[in-house]
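Single-letter residue listing:
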Amino acid sequence: QVQLVESGGGLVQPGGSLTLSCAASGNIFGIYVMGWYRQAPGKQRELVASIRGGADTGYADSVKGRFTISRDNVKNTVYLQMNSLKPEDTAVYYCNAVISTIGDSGPRNYWGQGTQVTVSS
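Model, not experiment: these values are computed from the prediction.

A. Examining the nonpolar core more closely. Trp36, Leu80, Met82, Tyr93 and Ile99 are the most contacted members of the largest nonpolar core, which totals 31 residues. A per-element tally of this core places strand S9 (residues 91-101) first, with five residues. In this structure, Leu80 is in contact with Leu18, Thr19, Leu20, Trp36, Val48, Ala49, Phe67, Thr68, Ile69 and Tyr93, ignoring residues within four places of it in sequence.

Encoded structure:
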């Protein structure tokens, strides 16, 4: 069984910063891709950023230049550094990872429980 546990959400003023963390635990054999999605009220869940391996990253156009995704492969943890936050960044942020476990026939997609980020003055 794999668990993704997120932390770091909260309330921040426009222009502020937050860092989200997501730690994967369980009977992990390998982690292929880790990423962050977000879902605002009344909107579909969207990909914010992803990282494959240690340096192959991708970002939504709306966050390029403001958000940075990174990964600690020893700790099985992915981070999302969010700077210059805007009210439109307000959403529930979900961690996602493609993970294979020992004894599994192949990698599976896992989700965290979500953490609320609110950008408001």
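B. The arrangement of the environment of Leu47 in detail. Mapped onto the fold, Leu47 is located in strand S5 (residues 46-52). Note on Leu47: relative accessible area 39%, which makes it partly exposed. Measuring from C-alpha to C-alpha, the distance between Leu47 and Lys64 comes to 12 Å, with 17 residues separating the pair along the chain. The contact partners of Leu47, leaving out residues within four places of it in the chain, are Trp36, Tyr37 and Ala60.

C. Focus on a nonpolar patch on the surface. Together, Phe29, Tyr32 and Ile102 make up an exposed nonpolar region whose accessible area comes to about 350 Å². Relative to the elements of secondary structure, Tyr32 occurs in strand S4 (residues 28-39).

D. Broad picture of the state of the cysteines. By the definition in use, this model includes one disulfide. Between the sulfur atoms of Cys22 and its disulfide mate Cys95 the distance is 2.1 Å. Taking the torsion about the S-S bond as the criterion, the Cys22 to Cys95 disulfide, at about -80 degrees, is left-handed. Of this pair, Cys22 sits in strand S3 (residues 18-26) while Cys95 sits in strand S9, and the two are 73 residues apart along the sequence.

Each value, and the rule that gives it
- Residues numbered from 1 in each chain as written.
- Predicted model: local features only at pLDDT ≥ 70, side-chain atom pairs only at ≥ 80, totals over all residues.
- Heavy atoms only, no water.
- Core = buried A, V, L, I, M, F, W, Y, C linked by side-chain atoms within 4.5 Å.
- Buried < 20%, exposed > 50% of the residue type's maximum accessible area, 1.4 Å probe, protein only.
- Helix = DSSP H or I, 4+ residues; strand = E, 2+ residues; numbered from the N terminus.
- Contact = heavy atoms within 4.5 Å.
- Patch = residues over 30% accessible without salt bridge, like charges linked within 9 Å, V, L, I, M, F, W, Y side chains within 5 Å.
- Areas by Shrake-Rupley, 256 points an atom, 1.4 Å probe, with all protein chains shown as cover.
- Salt bridge = Lys/Arg side-chain N within 4 Å of Asp/Glu carboxyl O.
- Disulfide = S-S within 2.5 Å.

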